[in-house]
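Okay, here's what each chain looks like letter by letter:
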Amino acid sequence: IALVSIPLSYSTLSRPHARQDFLAGLKTVPAELQRYLVVTLTGFPDGVPTAALSENVHLIKNHVRGVSARVHPETNSLKSLKEAGIQIVGFKFPEAETVSAKMEQTMQSFKTNASKFGLNIFVRNLKRKDLVRTAIDLEYDYFSGPVIADLSDYVGPVREVDLSSF
């Protein structure tokens, strides 16, 4: 199933007027399309109070398929994210970071940490096929990046993916 991820910064959630505007916008999305939307919370620091985050996640969940959080791979707050109702956690490799063996180690460590809490996981900005293969082997739920986008210029339903090229 194809999903659309909408990034939402913690600073937007922190400001009541901005939060209300965002929620009002979500309410305008037809119900039959809401099942394709995932809101991805970004830019929040480690240690955000679980109660405050939980309240915001609950408000958002009523209008989307799920709520995810993009965090730093070394984050220590995955337990509180799970307790707040986050379903999917992940990270993005920085644009400027050169591809290295450390990336595979980062992916493994993040998966191990997230698995302790039963969270689904994603990784963004994969730049090489071997990293896609690592994401597949580690059973990441979602992954994206330029190497995947380069495989096809076709936009439409994907019925089959040949993983042998990875």
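The shown structure was predicted, so the numbers you read here are calculated from the model rather than taken from an experiment.

Considering the sheet that holds strand β6 (residues 142-143)
Then, in step 1: Taken together, 6 strands build an open sheet; the order of strands is β1-β2-β3-β4-β5-β6 and the sheet is parallel. The sheet is open, and its two edges are formed by β1 (4-9) and β6, each paired on a single side.
Then, in step 2: The pairing of strand β2 (residues 37-42) with strand β3 (residues 66-70) spans 4 bridges and is classified as parallel. Bridging from a neighbouring strand, Leu41 pairs with Ala69 of β3.
Then, in step 3: Where helix α4 (residues 50-61) meets the sheet, it contacts β1, β2 and β3, and its direction lies at approximately 160° from that of β2.

Focus: the pairing of β3
Then, in step 1: With 4 of its 5 residues buried, β3 lies for the most part within the structure.
Then, in step 2: The sheet contact formed by β3 and strand β4 (residues 88-92) spans 3 bridges and is parallel. Counterpart to Ala69 in the pairing with β4 is Val89.
Then, in step 3: What joins β3 to β4 is helix α5 (residues 78-83), and the crossover it makes is right-handed.

Let's talk about the nonpolar core
Then, in step 1: Core analysis: the largest hydrophobic core is formed by 38 residues, its most contacted members being Leu41, Ile60, Leu81, Val89, Met107, Leu126 and Tyr140.
Then, in step 2: Apart from the residues within four sequence positions on either side, Ile60 is in contact with Leu8, Leu13, Leu23, Leu26, Val39, Leu41 and Val67.

Quick notes on α4
Then, in step 1: Along its 12 residues, α4 runs 16 Å from first to last C-alpha, staying within 8% of the 16 Å computed at 1.5 Å per residue.
Then, in step 2: Here α4 has its buried residues at Leu53, Asn56, Val57 and Ile60. Buried positions in α4, seen along its axis, are confined to an arc of 100° and lie on one side of it. Among the exposed residues of α4, those oriented more than 90 degrees off its buried face are Ala51, Glu55 and His58.
Then, in step 3: Summarising the contacts, the buried residues of α4 are in contact with β1, α1 (10-14), α2 (16-27), β2, β3 and α5.

The rules behind the values
Residues numbered from 1 in each chain as written. Predicted model: local features only at pLDDT ≥ 70, side-chain atom pairs only at ≥ 80, totals over all residues. Heavy atoms only, no water. Pairing = 2+ DSSP bridges. Helix = DSSP H or I, 4+ residues; strand = E, 2+ residues; numbered from the N terminus. Contact = heavy atoms within 4.5 Å. Axes fitted to C-alpha atoms, helices over the stretch in contact; angles between N-to-C directions. Buried < 20%, exposed > 50% of the residue type's maximum accessible area, 1.4 Å probe, protein only. Right-handed = clockwise from strand over helix to strand, strands pointing away. Core = buried A, V, L, I, M, F, W, Y, C linked by side-chain atoms within 4.5 Å. Expected span 1.5 Å × (residues − 1). Arc of directions from axis to C-beta.

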